[in-house]
Amino acid sequence: MTEPPVAAANLAASQVAEVALQFRRVFSLYRMYGLTHELTAQVEREAHLRLAELLKLEPQLTLLVQPTALKYGELTVLEDERKEDATIRTLFADGVESITFHAELQTSELSAYLRAWFGAVSGQLGPEHTFSTLIWEADYANISTSLRSGLAEHGVNEAQKKNAQSRVAALLAAAQSQPVDGAGGALVDGHALAALAQVEAFAQLQPGELARVADAEQTAAQELSRSERASLLAGLLASRRGVGQRLLFGLWAALKTASVAERQAAVDLVTQVVRLLVAERRSPEVCRALARIAESGRADPSREQLLSEFLGCLNDPEVVAGVVKLLETPDNATLAQALLHYLPPALAEQLLTPMERAPKDQARRLIAALVQKAPSAEELAMWLVDRGEAAAPGIFSAAEQLSPEHVALLARAALIHDEAPVRLRGLRAVRTEEVGAYRSLILPLLQDPNPEVREQAVQALVRAKDAQVVPILIAQLDAADAGPDVLRLCVRALGSLGGEAPARRLLGVLRDAKDKELKRAAALALGQSGWPGAIEPLRAEAQRLFGDRLVKEACKEALRRLEPTRGAGEEGGPT
């Protein structure tokens, strides 16, 4: 928490009091007409105008929050005159020490702030927020709110301490008599449990603040069994919805001055609180608190180690699972992504299962999270081997965003995979200039049981113009189980590769094939081959009296390509 600025009473108390009274008028209209009425908006604007006039005279106007009064310096400018009037009392109880308005204040900012203030006074903030947590999360550019750093350091008298300790003892005694349900699972340190109990005991005075009591007076906590401690923890968290989030803020603030033993107790408690909140499907509440804490910790390099210890709770498998669930939901994905940096590497593999069944927009969020965790190329390859076709699209997409090395190793793993769709994806991932490096893995796929895989393998080799594939393509033409599509593909491939050996085999196809489409493809491929030795056979086929018209036209087209090469020598190669 930041130290409150010291107000200098440069303005007349009556001027500041008028602004404070205008706030109270705004609250009255909120009660009468609601937040959206035209009169409400008008009074909000008037409050801003009055405050803006003062800010022209004093660029920073600070109001100090006392138990029942607002003060400007030493001067009281607004007071809760009746016990039931909680306008100021509510803020003080919630740990607010001062409010500072800055010269560039906008009407919209003041309106949002007053509405949050009214929500706290009227109990309308909902179960997840108090005024302090709401202000913690909001970004007000021109309003600063200072919160007290802890009850133990700010005027908690001895009677209040004694009452709090009695409250702790009562809670512990109640826990000993409750049935054990095993909620929470793991051991909660006695000191940490006492700290949690005090948050609950002081909740009415100052929610969100952590006050510690002497270890010697909390020995009863250490006598509870593991499951009893866990049950008590679960019960306290369930007693009021916002207590878990407020406790996380309080524990983070307390770490700065905690002893080594207290730090360990606090960190253990953080894990327990986060795990229980996630189990109760309150992951958004957890993420909001932890993301805000992470943001504040990053702003202070001296607390980097503390932040790392505090966020160690994110290594808990149950917590990781809760964050993964949030990544699947558009409304909460941003919250979860704010914590990705702090989540353990194990998160990456846990993203794969939801990614397999997710629609496209959701899958993109999960893939982005996977990329941010930057798994190694070996990990991606291992996951592909284990998970196969369902995970392949997401894994390949992540690899493409990570590095060429990731794609290269993933392609190798895919080319030898048991599932044909994965082999296909591997073939498509191999770039033309890299085919030579993968030749030993691609050549066996020319005999693959899956015809689509065979076709894709041929295309890859032809794109690379790999001469070593010629005998394999020729053998493929003679294979008994080769389908017409594969045969035509091999014919076109031999034509693209060019040379005498491919052309002679193409002449055999032109002469002997029964399939007219295959004969036509062979003729066109001969024209592409560049071998002059094919000219006379093509001319003879084009002049056949009863030949197929389309085949004859294909032969004439091939001749138009080859005849300029006459004279290069019957045994010559392509020109």
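Computed from a prediction, not measured in an experiment: that's the story for all the values here. (Residues numbered from 1 in each chain as written. Predicted model: local features only at pLDDT ≥ 70, side-chain atom pairs only at ≥ 80, totals over all residues. Heavy atoms only, no water.)

**What about a nonpolar patch on the surface?**
Move 1: Taken together, the side chains of Met32, Tyr33 and Leu39 define a hydrophobic patch exposed on the protein surface, amounting to about 300 Å² of accessible area.
Move 2: Secondary-structure assignment places Leu39 in helix α2 (residues 38-57). (Patch = residues over 30% accessible without salt bridge, like charges linked within 9 Å, V, L, I, M, F, W, Y side chains within 5 Å. Areas by Shrake-Rupley, 256 points an atom, 1.4 Å probe, with all protein chains shown as cover. Salt bridge = Lys/Arg side-chain N within 4 Å of Asp/Glu carboxyl O. Helix = DSSP H or I, 4+ residues; strand = E, 2+ residues; numbered from the N terminus.)

**As for the sheet that holds strand β3 (residues 75-79)**
Move 1: Read from one edge to the other, the open sheet built from five strands follows the order β3-β2-β1-β4-β5, with strand pairing classed as antiparallel. One side of each edge strand has no neighbouring strand; the edge strands of this open sheet are β3 and β5 (143-147). For this sheet, the mean angle separating the axes of adjacent strands, direction not counted, is 25 degrees.
Move 2: As defined by bridge partners, strand β1 (residues 60-65) adjoins strand β4 (residues 96-102) across five bridges and the pair is classed as antiparallel. Note on β4: the bridge partner recorded for Leu61 is Phe101.
Move 3: Contacts from helix α4 (residues 107-122) reach β2 (69-72), β4 and β5, with the element oriented near 30 degrees to β5. (Pairing = 2+ DSSP bridges. Axes fitted to C-alpha atoms, helices over the stretch in contact; angles between N-to-C directions. Contact = heavy atoms within 4.5 Å.)

**Regarding the nonpolar core**
Move 1: Residues Leu290, Phe310 and Leu538 are the most contacted members of the largest nonpolar core, which totals 118 residues.
Move 2: A per-element tally of this core places helix α25 (residues 484-497) first, with eight residues.
Move 3: Among residues more than four places away in sequence, those in contact with Leu538 are Leu510, Ala523, Leu526, Cys555, Ala558, Leu559 and Leu562. (Core = buried A, V, L, I, M, F, W, Y, C linked by side-chain atoms within 4.5 Å. Buried < 20%, exposed > 50% of the residue type's maximum accessible area, 1.4 Å probe, protein only.)

**Focus on the packing of helix α23 (residues 451-463) against α25**
Move 1: Two elements in contact, α23 and α25, have axes whose closest approach is 10 Å; the angle formed by their N-to-C orientations is 5 degrees. When the axes of α23 and α25 are compared, the pair comes out roughly parallel. Here Pro451, Arg454, Glu455, Val458, Gln459 and Val462 of α23 lie close against α25, whose contacting residues are Val486, Leu489, Ala493 and Ser496.
Move 2: Per-class residue counts for the contact of α23 with α25 are six nonpolar, two polar and two charged. (Parallel < 35°, antiparallel > 145°, perpendicular 65-115°, else oblique. Nonpolar A, V, L, I, M, F, W, Y, C, P; charged D, E, K, R; others polar.)

**A few points about the packing of α25 against helix α26 (residues 500-512)**
Move 1: Two elements in contact, α25 and α26, have axes separated by 9 Å at closest approach and are oriented at 145 degrees. Handedness of the α25/α26 crossing: left-handed. For the pair formed by α25 and α26, the contact residues are Val491, Leu494 and Gly495 on the first element and Pro502, Leu506 and Val509 on the second.
Move 2: Looking at the contact of α25 with α26 residue by residue, the classes come out as five nonpolar, one polar and no charged. (Left-handed = near helix turned anticlockwise from the far one by under 90°.)

**As for the pairing of β1**
In regular strands, side chains alternate between the two faces of the sheet.
Move 1: Relative to β2, β1 is paired through two bridges, and the arrangement is antiparallel. Paired with Leu64 across the strands is Lys71, a residue of β2.
Move 2: What sits between β1 and β2 in their antiparallel hairpin is a turn of three residues.

**A look at the environment of Leu550**
Move 1: In this fold, Leu550 is placed in helix α29 (residues 549-562).
Move 2: Overall, Leu550 belongs to the partly exposed group, its relative accessible area being 35%.
Move 3: Note: C-alpha distance between Leu550 and Lys516 (34 residues apart in sequence) is 8.3 Å.

The values are spatial; any link to function lies outside them.
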